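Okay, here's what each chain looks like letter by letter:
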There are 2 protein chains.
Amino acid sequence: MVMVISSIEGRTELDRATLERRSSTQLGTTFQICQDECMATETGDTRRRTDALSRKRIVDAAVELLDAAGEGGLTFRALAAHLKTGPGAIYWHVANKDELLTAATDAVLTHATAADVAEDTPEEAIRAVALGVFDAVDAHPWAGTQLSGAPSQPTMLRIFERLGRQIQALSVPTAAQFTAAAALWNYILGVGRQNAANARAHEPGTDRTAALATASAEWANLDPIEYPFTRTVADQLRDHDDREEFLAGINLILGGISSLALPVVDGPTRT
Amino acid sequence: MVMVISSIEGRTELDRATLERRSSTQLGTTFQICQDECMATETGDTRRRTDALSRKRIVDAAVELLDAAGEGGLTFRALAAHLKTGPGAIYWHVANKDELLTAATDAVLTHATAADVAEDTPEEAIRAVALGVFDAVDAHPWAGTQLSGAPSQPTMLRIFERLGRQIQALSVPTAAQFTAAAALWNYILGVGRQNAANARAHEPGTDRTAALATASAEWANLDPIEYPFTRTVADQLRDHDDREEFLAGINLILGGISSLALPVVDGPTRT
DNA sequence: ACCTGAACACCGTTCAAGT
DNA sequence: ACCTGAACACCGTTCAAGT
């Protein structure tokens, strides 16, 4: 209390004054993405306190824990241990667990929505967006569960926007554009959550092929009177590829959307 | 221990012997659905012990709690209080909370899959099944979250089977039947979970209309450069009806499926 | 400003003990 | 066979106290 706090004591007053400005200006210009280690490089002399907490480091650690141990693996205590602090420290940077999960999902989905490479056709662009989400959830199954548990607007909106632009490019009439984009949107998120549920249902160890084989065998043994259809597609259940089926579903919706399209303006007019 | 257990003591030996058979035979024939109060009516004399625990009473109470207080409202302690017992008693009839949630979801979805009324067209039959699931989730939002967290096979399979039969009726080639049924299936479950998420996001009090108006206003104020599409459909977001949009999505998929259909066999053959 | 860690309220689940 | 309820292990979250 009464002790002099050594070397940093001399800078204290100056720091107090600049602390407020930091997050809004200097941090933003020098490091767009990292809000983190900037703190250490600010005066330019030392690198100490690279281990300081920050929202980014917390979210990154959360993603690590979720990837490693699944949805049940993310705990404020485990996270605190991983970051070598107490659980209370995390609450200074993150409001609660919900916000943490949302931020983690956001981090994982951001890359899926990052590049806007020009595709040959609107259909291909839609498939690219859809597969981006699919693959992100495939790599991080826990993110699928969180999908629209309310991932923060920007990331989700960016995906929706990208789908919608292609819908416009497909010459869908204005009145039907929302419907078309929403249908794709619902399907994409739906499959994402479904895959998350599948991943959660089986142990992290068991692979998909074995699970499908088991389910397929069950379907093949169903009562022929009650389940005539399901029995006949038992083989297709066993042999199907999740990603391909997902794409096939996208194509079915695109097929339906194409019948909504207006005739091309500069083409020959039918009467 | 040493005390005589009064009137029921005389029947004990006989009951022991029949107890095993009961659940497999007598119960099944007399009461197909209720596994519950049968216990009281078995000897035909008294109605006492109607308040005895049973899997059905527990699941019913769980549905009540979930409907009344949402997903957070279901607690073994709250459930036990509701049933006037201790939490431990429930575990005699139900393995764990997951099984309880699955059973509750199953109970709520069963009615949606119950009647198999003959519809005019396969398309209408598919719409009927889809709306059955939609309305069930609409009435019990918590059930949407559980959808294929692994609802027990019978209920889910029955829905899948019903969709598949109509796919067959639409003359979809065998090789594409699984894909077509799975796409509908994924879309239906996807929207169900989405609705559950929507319901969870907003307070039980706030109505949908107000929430849509707020979101619509946000969309309308988005940056025109970054979100040209989303801005233009802000009005459609405000005015749309969830149920109609859901149906429109089903119709888009049906449109895509129709293009897979084989030409009708007894019709004129095209060359 | 930011971190620490004990403490609070509350879970799901178990289990010896009862009837 | 079925029920009781205290107890266990573990959460998310808070908050006075530190630096």
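What counts as what
- Residues numbered from 1 in each chain as written.
- Chains lettered and ligands numbered in written order.
- Predicted model: local features only at pLDDT ≥ 70, side-chain atom pairs only at ≥ 80, totals over all residues.
- Heavy atoms only, no water.
- Near = heavy atom within 4 Å.
- Polar contact = N/O pair within 3.5 Å; in protein donor to acceptor, adjacent residues only side chain to side chain.
- Helix = DSSP H or I, 4+ residues; strand = E, 2+ residues; numbered from the N terminus.
- Nonpolar A, V, L, I, M, F, W, Y, C, P; charged D, E, K, R; others polar.
- Contact = heavy atoms within 4.5 Å.
- Buried area = accessible area lost by both parts, 1.4 Å probe.
- Salt bridge = Lys/Arg side-chain N within 4 Å of Asp/Glu carboxyl O.
- UniProt positions renumbered as here; feature names shortened; annotations may be inferred.
- Domains from an automatic or database assignment.
- Phe/Tyr/Trp six-rings, centres within 6.5 Å; stacked < 30°, edge-to-face > 60°.
- Buried < 20%, exposed > 50% of the residue type's maximum accessible area, 1.4 Å probe, protein only.
- Least-squares fit on C-alpha atoms with pLDDT ≥ 70 in both.
- Expected span 1.5 Å × (residues − 1).
- Core = buried A, V, L, I, M, F, W, Y, C linked by side-chain atoms within 4.5 Å.

## Quick notes on the protein's contact with DNA strand D
Part 1: Residues in close proximity to DNA strand D total 17 residues, the closest being Arg77 and Lys97 of chain A together with Thr85, Gly88 and His93 of chain B.
Part 2: The contact in question runs from a phosphate oxygen of DNA strand D to an N or O atom on the backbone of Phe76 of chain A, over 3.1 Å.
Part 3: Leu53 of chain B has a polar backbone atom sitting 3.2 Å from a phosphate oxygen of DNA strand D.
Part 4: If you list the elements that add at least two residues to the surface near DNA strand D, you get helix 5 (76-82) of chain A together with helix 6 (87-90) of chain B.
Part 5: Split by residue class, the surface near DNA strand D holds seven nonpolar, seven polar and three charged.

## Points about the interface of chain A and chain B
Part 1: Opposite the 52 residues of chain A that make contact, chain B presents 52 residues.
Part 2: Both faces considered, chain A and chain B share a buried interface measuring about 4100 Å² in area, 62% of it formed by carbon and sulfur atoms.
Part 3: Inspection of the region where chain A meets chain B yields zero salt bridges.
Part 4: At the junction of chain A and chain B, the tally comes to 16 residue pairs in polar contact (both at pLDDT 80 or more).

## A short note on the UniProt feature "domain: HTH tetR-type" (unreviewed entry) in chain A
Part 1: Under the present numbering, the feature "domain: HTH tetR-type" (unreviewed entry) in UniProt falls on residues 52-112 of chain A.
Part 2: Note that residues 52-112 of chain A is 66% helix and 0% strand, and that its end C-alpha atoms are spaced 29 Å apart.

## Observations concerning the UniProt feature "DNA-binding region" (unreviewed entry) in chain A
Part 1: Within this numbering scheme, the UniProt entry marks residues 75-94 of chain A as carrying the feature "DNA-binding region" (unreviewed entry).
Part 2: Taken end to end, residues 75-94 of chain A has its terminal C-alpha atoms 13 Å apart, with 55% of it in helix and 0% in strand.

## Let's talk about the domain arrangement of chain A
Residue and element names in this part refer to chain A.
Part 1: For chain A, the domain assignment lists domain 1 (8-107) and domain 2 (113-258).
Part 2: Taken residue by residue, the interface counts nine residues in domain 1 and eleven residues in domain 2.
Part 3: Broken down residue by residue, the surface that domain 1 buries against domain 2 is led by Glu71, Thr105 and Asp106, which jointly contribute 55%.
Part 4: Where domain 1 meets domain 2, there are one salt bridge.
Part 5: Residue Arg200 is joined to Glu71 by a salt bridge in which the shortest nitrogen-to-oxygen separation is 3.0 Å.
Part 6: For the pair domain 1 and domain 2, the interface holds five residue pairs in polar contact (both at pLDDT 80 or more).
Part 7: Mapped onto the side of domain 1 that touches domain 2, the elements with two or more residues apiece are helix 4 (55-69) and helix 7 (97-110).
Part 8: For the side of domain 1 that touches domain 2, the element with the highest residue contribution is helix 7, accounting for five residues.

## As for the packing of aromatic side chains
Part 1: Under the counting rule described, the total for this entry stands at twelve aromatic pairs over all chains.
Part 2: Ring geometry for Phe160 of chain A and Trp219 of chain B: centres 5.2 Å apart, planes at 40°, overall tilted. Here Phe160 of chain A, found in helix 10 (residues 153-169), pairs with Trp219 of chain B, found in helix 12 (residues 208-220), and the two come from separate chains.
Part 3: The class of Trp219 of chain B is buried, set by a relative accessible area of 13%.

## Considerations on the relation of the copies chain A and chain B
Part 1: Under the fitted operation, chain A is carried onto chain B by 0.0 Å of movement along the axis and a turn of 180°, and the coordinates agree to an RMSD of 0.1 Å. One copy is carried onto the other by what is essentially a two-fold rotation axis. Taking C-alpha positions as reference, the residue of chain A nearest the rotation axis is Gly190 of chain A, located at 1.7 Å.
Part 2: When the interface residues of chain A are mapped onto chain B, 100% of them again lie at the interface, so the same face is used by both copies.

## Quick word on unusual backbone geometry
Residues and elements named next belong to chain A.
Part 1: In this structure, Lys84 is a non-glycine residue whose phi angle is positive, near 60°.
Part 2: Judged by its relative accessible area of 77%, Lys84 is exposed.
Part 3: Here the phi dihedral of Ser171 falls at roughly 65°; this positive angle occurs in a residue that is not glycine.
Part 4: Here Ser171 shows up in the loop between helix 10 and helix 11 (174-201).
Part 5: On the basis of relative accessible area, Ser171 is assigned to the partly exposed category, the value being 31%.

## Let's talk about helix 7 (residues 97-110) of chain B
Residue and element names in this part refer to chain B.
Part 1: Its 14 residues give helix 7 an end-to-end C-alpha distance of 20 Å, which sits within 8% of 20 Å, the value for a rise of 1.5 Å per residue.
Part 2: The set of residues buried in helix 7 consists of Leu100, Leu101, Thr102, Ala103, Ala104, Thr105, Asp106, Val108 and Leu109.
Part 3: Those residues of helix 7 that are buried lie in contact with helix 4 (55-69), helix 5 (76-82), helix 8 (122-139), helix 9 (141-146) and helix 10 (153-169).

## Structural notes on the nonpolar core
Part 1: With 132 residues, the main nonpolar core has Leu79 and Ile257 of chain A together with Leu79 of chain B as its most contacted residues.
Part 2: Once residues within four sequence positions are removed from consideration, Ile257 of chain A is found in contact with Ile167, Leu170, Val172, Ala180 and Leu184 of chain A together with Leu252 of chain B.

## Some remarks on the environment of Phe229 of chain B
Part 1: Relative to the elements of secondary structure, Phe229 of chain B occurs in helix 13 (residues 228-232).
Part 2: Separated by ten residues in sequence, Phe229 of chain B and Trp219 of chain B have C-alpha atoms that sit 9.7 Å apart.
Part 3: With residues near it in sequence (within four places) discarded, Phe229 of chain B still touches Phe160, Glu161, Gly164, Arg165, Gln168, Gln177 and Ala181 of chain A.

## Overview of the pattern of salt bridges
Residues and elements named next belong to chain A.
Part 1: In total, this model carries 16 salt bridges over all chains according to the counting rule given.
Part 2: Between Arg165 and Glu161 there is a salt bridge, with the nearest N and O atoms lying 2.9 Å from each other. A residue pair is termed a helical-turn pair when its members lie 3 or 4 positions apart in one helix, as Arg165 and Glu161 do in helix 10 at four residues.
Part 3: You can call Arg165 partly exposed: its relative accessible area is 31%.
Part 4: On the basis of relative accessibility, which here comes to 1%, the residue Glu161 falls in the buried class.

## Digging into the protein's contact with DNA strand C
Part 1: Of all residues adjacent to DNA strand C, which total 19 residues, the nearest are Thr85, Gly88 and His93 of chain A together with Arg77 and Lys97 of chain B.
Part 2: The sugar and phosphate moieties of DNA strand C supply 52% of its atoms located within 4 Å of the protein.
Part 3: Backbone polar atom of Leu53 of chain A to a phosphate oxygen of DNA strand C: 3.2 Å apart, as the coordinates give it.
Part 4: Between DNA strand C and the protein, one listed contact pairs a phosphate oxygen with a side-chain N or O atom of His93 of chain A at 2.6 Å.
Part 5: If you list the elements that add at least two residues to the surface near DNA strand C, you get helix 6 (87-90) of chain A together with helix 5 of chain B.
Part 6: If you tally residues by element for the surface near DNA strand C, the top one is helix 6 of chain A, at three residues.

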